[in-house]
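# Commentary on secondary and tertiary structure
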Amino acid sequence: QDIALRSLNVDPAHPGPRRIGELIFTGAWELQSLNEDFGGISGLTLLPDGRFIGISDAGTLIGFGLSNNEQTNRPFIAPLPGTVGPNVTYKDRDSESVTYDPQSGQFWVSYEANHAIRRFSRSFARMTGVVRPPEMQDWPINRGAEALIRLRDGRFMTIAESVDDGTHQALLFSGDPVEKGSVTSRFTYRPPSGYRVTDGVQLPDGRLAILHRSVGLPNGFAAKVGVLAVTDIRKGKTVKSRIIATLAAPLLVDNLEGIATQEKD
């Protein structure tokens, strides 16, 4: 269950805080564990007590807090409910994004192989529902619901990883997608050229922060963070973010697939 922490600098040539676009970098850490199920975090959310909850594309649940720059707080590594058992394959475990309701304590996780959204009770004690929206079933295998966001007004949004004609297919649900009666609206999202959406989250001011990733030679991974107004999203419309920060070589960057936010006191 142990998760080790090692402090890093975003720019080895210029240690310490620095501005990156409209963001200010304050710290970075490398997480390591001897548990072979650890790693590959594909979605991230933050609990009110400051602990992170991550999920991997192998159906692993990863939890930890950052108590200081030297160790994690109350780490745990465990399989998501429903990912282990007879007739369960990798396609049933390919979880890509996680979102959270602080009022009910419930979690929702999207899956990109067997396209689905599953809902879990407080503390991931059990799965309480699953939906396979018809609008998602023509999405390519391994290019499904990459980002899943619960809005504070109770609506949900998901964006597919696949890029068709330079845009991602996306859905807006009028309520909990697992519950009957939630109305689904299609729209499309246009990422920066050469990038794909990997995650998203609603900011304290109501805007959405969308994380994008690119990979190529010779510099490897790059990432862009954009912001988008919820009011811009409408049925049948194509929307895009305003990019506020880019991480690329020689800055520290990895295969970034999760984003979470916390409002400062």
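Residues numbered from 1 in each chain as written. Predicted model: local features only at pLDDT ≥ 70, side-chain atom pairs only at ≥ 80, totals over all residues. Heavy atoms only, no water.

## Examining the overall build of the chain
In plain terms, the rule: Strands here mean DSSP runs of E at least two residues long; helices mean DSSP runs of H or I at least four residues long; both are numbered from the N terminus. To get the radius of gyration, use the C-alpha atoms; to get the globule rule, take the number of residues to the power 0.38 and multiply by 2.2 Å. Note on areas: Shrake-Rupley with a 1.4 Å probe; residue coverage comes only from the protein chains shown. In this count, Lys and Arg are taken as positive residues and Asp and Glu as negative ones, while His and the chain termini are left out. A single reference atom marks each charge: NZ on Lys, CZ on Arg, CG on Asp, CD on Glu.
Per the secondary structure count, the chain includes one helix and 21 strands. A globule of 265 residues ought to have a C-alpha radius of gyration of about 18 Å, and the chain, at 18 Å, matches this closely. Referenced to the eigenvectors of the C-alpha coordinate spread, the extents of the chain come out at roughly 50 × 40 × 40 Å. As presented, the chain carries roughly 13,200 Å² of accessible surface, and 49% of it is formed by carbon and sulfur atoms. Taking the average location of the 29 positive side-chain charges in the chain and that of its 30 negative ones, the two points are 5 Å from each other.

## Overview of the nonpolar core
Nonpolar side chains in soluble globular proteins tend to be buried together. What counts here: Definition used in this section: a nonpolar core is a set of buried Ala, Val, Leu, Ile, Met, Phe, Trp, Tyr and Cys residues joined via side-chain atoms within 4.5 Å. Burial here depends on accessible area, computed with a 1.4 Å probe over protein chains only, as a share of the maximum for the residue type. Under 20% is buried, over 50% is exposed, and the range in between is partly exposed. Working rule for contacts: check all heavy atoms of both residues, and any pair within 4.5 Å makes them a contact.
Ranked by internal contacts, the top residues of the largest apolar core, which has 16 residues, are Met157, Ile159, Phe187, Tyr189, Leu208, Ile210 and Ile233. Elements with a contribution of two residues or more to this core: strand S13 (145-150), strand S14 (156-164), strand S15 (167-173), strand S16 (184-189) and strand S18 (208-216). In this structure, Ile210 is in contact with Ile149, Met157, Tyr189, Val197, Asp199, Gly200, Lys224, Val225, Gly226 and Ser241, ignoring residues within four places of it in sequence. With 15 residues, the next largest nonpolar core counts Val10, Ile244, Ala245 and Ile259 among its residues.

## Quick notes on the sheet that holds S18
Quick reminder of the rule: The criterion for strand pairing is that DSSP finds at least two bridges linking the strands in question. Here the axes come from fitting lines to C-alpha atoms, over the contacting stretch only for helices, and the angles between their N-to-C directions go from 0 to 180 degrees.
Overall, antiparallel pairing links the four strands, which are arranged S17-S18-S19-S21 in an open sheet. The sheet is open, and its two borders are formed by strand S17 (196-202) and strand S21 (242-247), each paired with just one other strand. Each strand axis lies, on average, 25° off the axis of its neighbour in the sheet, ignoring direction. Sheet topology places S18 next to strand S19 (residues 220-228); nine bridges connect them, and they run antiparallel. Counted as the bridge partner of Gly216 is Gly220 from S19.

## Thoughts on the layout of surface pockets
Formally: Using only the protein atoms, space was sampled on a 1 Å grid; points where a 1.4 Å probe fits but cannot get out form cavities, open sets with protein on both sides within 12 Å along at least five of seven lines form pockets, and lining residues are those with an atom within 4 Å of a point. Grid points are joined across faces, edges and corners, and a volume is the space filled by probe spheres set on the points. All residues other than Ala, Val, Leu, Ile, Met, Phe, Trp, Tyr, Cys, Pro, Asp, Glu, Lys and Arg, Gly among them, are scored as polar; the first ten of these are nonpolar and the last four charged.
Approximately 2,300 Å³ is the volume found for the largest pocket. Every residue lining the largest pocket is counted, 49 residues in all, and those nearest its centre are Gly27, Ala28, Trp29, Leu44 and Gly258. Breaking the lining of the largest pocket down by element, the ones donating at least two residues are strand S1 (4-8), strand S3 (23-25), strand S4 (28-32), strand S5 (41-46), strand S7 (60-66), S18, S19 and S21. Among the residues forming the lining of the largest pocket, the class breakdown is 31 nonpolar, ten polar and eight charged. In this structure, the second largest pocket is lined by 25 residues; those nearest its centre are Leu46, Pro102, Arg152, Gln202 and Thr261. Broken down by element, the residue count for the lining of the second largest pocket peaks at four residues, all from S17.

## Let's talk about the pairing of S18
Of all the nine residues making up S18, seven are buried; the element is thus mostly covered by neighbouring parts of the structure. Here S17 runs beside S18; their pairing, made up of six bridges, is antiparallel. Across the sheet, the residue bridging to Val201 is Ala209, located in S18. Two successive antiparallel strands, S17 and S18, enclose a turn made up of five residues, where Gly206 displays a positive phi of approximately 100°. Connecting S18 to the antiparallel partner S19 that follows it, the hairpin turn spans three residues.

## What to know about unusual backbone geometry
If a residue is not glycine, its phi is most likely negative; likewise, a peptide bond is most likely trans. Along the chain, Ala249 connects to Pro250 via a cis peptide bond; the corresponding omega equals 10°. Looking at the element boundaries, Pro250 is found in the segment after S21. The phi angle at Ser123 is positive, at roughly 60°, despite the residue not being glycine. Within the secondary structure, Ser123 sits in the loop between strand S11 (116-120) and strand S12 (127-131). According to the relative accessible area criterion, Ser123 is exposed, its value standing at 61%. Even without being a glycine, Phe124 presents a positive backbone phi close to 55°. Note that Phe124 resides in the loop between S11 and S12. With a relative accessible area of 7%, Phe124 lands in the buried category.

## Looking at the sheet that holds S5
One open sheet holds the four strands; their spatial order is S5-S6-S7-S8, and the pairing between them is antiparallel. With one partner strand each, in any of the chains shown, S5 and strand S8 (72-79) form the two edges of the open sheet. Neighbour-to-neighbour, the strand axes of the sheet open up by a mean angle of 15°, direction not taken into account. Examined bridge by bridge, strand S6 (residues 52-56) and S7 share four bridges and lie antiparallel to one another. Paired with Ile53 across the two strands is Gly63, which belongs to S7.

## What about the confidence of the model for the chain?
Just so we agree on the cut-off: Per-residue confidence from the predictor is reported as pLDDT, which spans 0 to 100.
For the chain, per-residue confidence averages 92 on the pLDDT scale, and 98% of positions sit at 70 or higher. No element of the chain has a lower mean pLDDT than helix H1 (residues 90-93), which averages 80, and none a higher one than strand S20 (residues 238-239), which averages 98.

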